[in-house]
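Summary of structural features
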Amino acid sequence: MAAVFAAGMSTAKADTWKYAFEEAITDVQGVFATKFKEELEKNTDHEVQLYPYGTLGESADIMEQAQAGILQFVDQSPGFTGSLIPEAQVFFVPYLLPSDTKELNSFFRNSKAINENFKDLYAQQNLELLTMFPEGEVVMTTKEEVRSPSDLDEVKFRVMTNPLLVESYKAFGATPTPLPWGEVYGGLQTNIIQGQENPLFFVDSTKMYEVTDVITYAGHNNFTTAVMANKEFYDGLSDEDKKAIQAATDAAFEYILDYQKGLSEQAIENIKKAKPDMKVVVLSEEERAPFKAAAATVEEKFIEMTGDSGKAILEQMKADLKAAMK
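A brief look at the structure comes next. (Residues numbered from 1 in each chain as written. Predicted model: local features only at pLDDT ≥ 70, side-chain atom pairs only at ≥ 80, totals over all residues. Heavy atoms only, no water.)

Broken down by element type, the protein carries 13 helices and ten strands. Taken over C-alpha atoms, the radius of gyration comes to 20 Å for the protein, in line with the 20 Å a tight globule of 326 residues would show. Its C-alpha atoms put the protein at 80 × 45 × 35 Å along the principal axes. Expressed as a percentage of the 326 residues in the protein, the buried residues total 52%. In the protein, the proportion of contacts linking residues at least 24 apart, taken out of those at least 6 apart, comes to 76%. (Helix = DSSP H or I, 4+ residues; strand = E, 2+ residues; numbered from the N terminus. Rg over C-alpha atoms; globule rule 2.2 N^0.38 Å. Buried < 20%, exposed > 50% of the residue type's maximum accessible area, 1.4 Å probe, protein only. Contact = heavy atoms within 4.5 Å.)

Here it is in structure tokens:
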């Protein structure tokens, strides 16, 4: 009887945890989630069910479900979380993050802003921040060539529902148009919008190149995402489970940084093969100068929106970035 009781207790302890993210299972967030699941299931009795983009709704839906405890884990870009946690919009200050991959990875590994300051801010929204990681340089895809802010004049440019991203594209000269991701392809196809931004692998996998004609490297950002757990769920776990979750997070973090090597180059090769006349423009430093000048006004807007808390986060991030560049 004791053996039967012990077996029953063991079964009761094993739970099925739900994890939703904003991309397809074969995209960067999906690859991270798959590795996380693999590590966690290897080292615990728990099972992780993965829900790629669209399975449970749009980004706003999965965040609500995570906060409510319907989901145990969620991966969402600060671009969407910015309306919930205004300070998270700092990742959309143009030209803040380094373009050098080694420096960028060092920043995400060691940043005090991410590993301490942001944890407290996310906790206030019933979210346990497990990690943040980069997904690749952001490129613009448009109908017409972009060489200067004047080329974006009257261009309706799709942005996430993020106030600072709206300000960024206003400063860049465009007409920012917030749209849910599910409406972007159709919006470009029908010319409701004429541009959008994303990492190259996502432009490739979502076939955005089919409805735009030019890819522009302006060097203005690297797409960032955040993996979170529902805080009440997380706080109720045993120390053993918390350690297993952190170990799975750390393993998936290192795995995804390595996985991304050459990913953008492969994406551009795929795009050019599918659409040989797709134009690829890499802005020179001289051409980037007016965009960089516009970034200063966006930084001011960020501080205006977030006050002392945002200013402190920005200063800490700049200190972390300086340390990453040594």
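Summed over all chains, the structure comprises 17 aromatic pairs. Through a chain of ring-to-ring contacts, the aromatic side chains of W17, Y19, F21, F36, F73 and F233 assemble into a single cluster. (Phe/Tyr/Trp six-rings, centres within 6.5 Å; stacked < 30°, edge-to-face > 60°.)

V90, F91, F118, Y122 and M317 are the most contacted members of the largest nonpolar core, which has 102 residues in total. By residue number, the principal contributor to this core is helix α13 (residues 285–324), which donates nine residues. Not counting chain neighbours up to four residues away, the residues in contact with Y122 comprise P78, T81, I85, A88, L127, L129, M132, A226 and M228. (Core = buried A, V, L, I, M, F, W, Y, C linked by side-chain atoms within 4.5 Å.)

Our focus in this paragraph is helix α3 (residues 59–68). Three or more residues of α3 are buried, namely S59, I62, M63, Q65 and A66. The arc enclosing the buried residues of α3, seen along the axis, measures out at 160 degrees, which places them on a common side. The exposed set on the far side of α3, more than 90 degrees from its buried face, consists of E64 and A68. Residues of α3 that are buried in the fold lie against β1 (16–20), β3 (73–76), α4 (78–81), β4 (127–142) and β9 (222–230). Positive backbone phi, at 90 degrees, marks G69, one or two positions downstream of α3. (Arc of directions from axis to C-beta.)

By secondary structure assignment, the location of S111 is in the loop between α5 (101–110) and α6 (112–123). Overall, the relative accessible area of 1% leaves S111 in the buried class. A polar contact is formed between the side chain of S111 and the side chain of D320, at a distance of 2.8 Å. (Polar contact = N/O pair within 3.5 Å; in protein donor to acceptor, adjacent residues only side chain to side chain.)

Right, let's get into unusual backbone geometry. Positive phi values are uncommon outside glycine, yet N126 reaches one of about 65 degrees. Look at N126 and you get buried, because its relative accessible area is 18%. Even without being a glycine, N191 presents a positive backbone phi close to 65 degrees. By the secondary structure assignment, N191 is in the loop between α8 (184–189) and β7 (195–199).

Next up on the list: the pairing of strand β5 (residues 156–159). Pairing of β5 with strand β6 (residues 175–178) involves four bridges; the strand directions are parallel. By the bridge assignment, V159 is partnered in β6 with P178. Taken together, β5, helix α7 (residues 163–171) and β6 constitute a β-α-β crossover, and its handedness is right-handed. (Pairing = 2+ DSSP bridges. Right-handed = clockwise from strand over helix to strand, strands pointing away.)

With that settled, the discussion passes to helix α2 (residues 28–43). Helix length check: α2 (16 residues) gives 23 Å between terminal C-alpha atoms against 22 Å at 1.5 Å per residue, within 8%. Buried within α2 we find V28, Q29, G30, V31, F32, A33, K35, F36, E39 and L40. (Expected span 1.5 Å × (residues − 1).)

Turning next to the packing of α5 against α13. Where α5 meets α13, the axes come as close as 8 Å, and the angle between the chain directions of the two elements is 130 degrees. As far as their axial angle goes, α13 and α5 are oblique. Remark: the crossing between α5 and α13 carries right-handed chirality. Side by side, α5 and α13 meet where E103, S106 and F107 of the first sit next to M317, D320, L321 and A324 of the second. Of the residues that constitute the contact of α5 with α13, the class distribution is four nonpolar, one polar and two charged. (Axes fitted to C-alpha atoms, helices over the stretch in contact; angles between N-to-C directions. Parallel < 35°, antiparallel > 145°, perpendicular 65-115°, else oblique. Left-handed = near helix turned anticlockwise from the far one by under 90°. Nonpolar A, V, L, I, M, F, W, Y, C, P; charged D, E, K, R; others polar.)

With five of its five residues buried, β7 lies for the most part within the structure. Taken together, the five bridges between β4 and β7 define a ladder with antiparallel strand orientation. By the bridge assignment, V138 is partnered in β7 with P199.

What follows is about the pattern of salt bridges. The tally for this structure, following the rule as stated, stands at 16 salt bridges. Between D213 and K275 there is a salt bridge, with its nearest N and O atoms 3.1 Å apart. Of the two residues, D213 is situated in the loop between α9 (200–205) and β8 (214–217) and K275 in the loop between α12 (263–274) and β10 (279–282); the sequence distance between them amounts to 62 residues. Taking relative accessible area as the criterion, K275 reaches 15% and is therefore assigned buried. The shortest N-O distance in the salt bridge between D258 and K261 comes to 3.0 Å. (Salt bridge = Lys/Arg side-chain N within 4 Å of Asp/Glu carboxyl O.)

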